[in-house]
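Structural characterization, general
Each chain is listed here by its residues.
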Amino acid sequence: LQYRIGQLYMISKHSHEQSDRGEGVEVVQNEPYEDPNHGNGQLTEKRVYLNSKLPSWARAVVPKIFYVTEKAWNYYPYTITEYTCSFLPKFSIHIETKYEDNKGSNDSIFDKEAKDLEREVCFIDIASDEIPERYYKESEDPKYFKSQKTGRGQLKEGWRETHQPIMCSYKLVTVKFEVWGLQTRVEQFVHKVVRDILLIGHRQAFAWVDEWYDMTMDEVREFERATQEATNKKIGIFPPAISISNISMPSSTRSAPSSAPSTPLSTDAPEFLTVPKDRPRKKSAPETLTLPDPAK
């Protein structure tokens, strides 16, 4: 329960901090949802406006009215988040999440879901992994932060072997971009983005523990509602008032995917994707072209 409250708090606060007029995270829907297989959960739908966050090669072909739709069905501790793009119908991200009370020792947690998929395992350490310099704050560095309320921190090397309580968030990330010539580059970029966002978000959840530690689930839902309304206004979108109800909705006839609460996709392209501005343009042909004389 502590992890769940901390995660919801972090997502709302992070989204508000990263939003500005015309860009950020608009909350379209946030309400209870009942699934025939997974039971009661929470459905959220958000639009992530991030045109200025795109790498230069993408901004050249993407319209200014551009957003990523995030739909999430949260049946904690089992979740799935899906991202689609308003401009690229063949682009999607599917993130399946499972939470367990261990230090990342379950190597077979997704064997059933991904038995036929080629996978690369990436372990994220919130204390020692580097984050993009523009996101670094010493007050949010787990190596230096120490909680006043819980006494948790500072996370030194080897902390996973000794620190209690501990929980691991396992994520199975699938990226699809079915456009020939760009598929590999875009998929690599998205995996880098997702990794950075997960690392930054969990560092913040740990560093903000004194803000959310005493909250109940009802209190964090109220914080979520108020923050979402403030965020929508901050980016210049004024939808009807957001209601987060505790009343269960009728179950759907279809089996919805289960999903994690949302995290905005907002980061710049990694260096290997950026094009040097002062690189001389290559010439595809010589300045003059001399054709042979047919008579000879």
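Throughout this description, residue numbers start from 1 for each chain and increase along the sequence as written. Only residues with pLDDT of 70 or above have their local features reported here, since the model is predicted, and side-chain atom pairs are shown and tallied only from 80 upward, although totals for entire chains, interfaces and linings are computed over all residues. To obtain the side-chain values, all non-hydrogen atoms of the structure were included, while hydrogens and water were left out.

Let us look at helix 4 (residues 183–207). Working note: α-helix, 3.6 residues per turn, so residues spaced by three or four point in the same direction. For helices the rule is a DSSP run of H or I covering at least 4 residues; for strands it is a run of E covering at least 2, with both sets numbered from the N terminus onward. Take the residue count of a helix, subtract one, and multiply by 1.5 Å to get its expected span. For helix 4, which comprises 25 residues, the first-to-last C-alpha distance of 36 Å matches the rise-based estimate of 36 Å (1.5 Å per residue) to within 8%. Within helix 4, 18 of the 25 residues are buried, leaving the element largely enclosed by the surrounding structure. Any residue under 20% of the maximum accessible area for its type is buried, any over 50% is exposed, and the rest in between are partly exposed; the area is computed with a 1.4 Å probe on protein chains only.

Two strands qualify as a pair provided that DSSP identifies no fewer than 2 bridges between them. Spatial ordering of the open sheet is given by 1-2-3-4-5-6, a layout of six strands whose pairing is antiparallel. Every interior strand has two partners, whereas the edge strands, strand 1 (24–35) and strand 6 (168–177), have only one. Within the sheet, the average angular offset between the axes of one strand and its neighbour, ignoring direction, is 15°. The pairing of strand 4 (residues 78–85) with strand 5 (residues 91–100) spans seven bridges and is classified as antiparallel. The residue of strand 5 that forms the bridge with E82 is H94. Throughout, an axis means a line fitted to C-alpha atoms (over the contacting stretch in the case of helices), and angles, computed between N-to-C directions, take values from 0 to 180 degrees.

Here we come to the pairing of strand 3 (residues 67–75). For strand 3, a buried count of eight out of nine residues is recorded, marking the element as mostly surrounded by other parts of the structure. Sheet analysis places strand 3 next to strand 4, joined by eight bridges and oriented antiparallel. Bridging across to strand 4, W73 finds its partner in I80. The antiparallel hairpin formed by strand 3 and strand 4 contains two residues in its connecting segment.

Next up on the list: the environment of Y170. Relative to the helices and strands, Y170 resides in strand 6. Look at Y170 and you get buried, because its relative accessible area is 10%. Separated by 74 residues in sequence, Y170 and E96 have C-alpha atoms that sit 8.2 Å apart. Residue contacts are counted whenever heavy atoms from the two residues lie within 4.5 Å of one another. Once residues within four sequence positions are removed from consideration, Y170 is found in contact with E96, T97, K98, E100, N102, G104, S105, N106, I109 and F110.

Remember that the coordinates give geometry; whether it matters functionally is a separate question.
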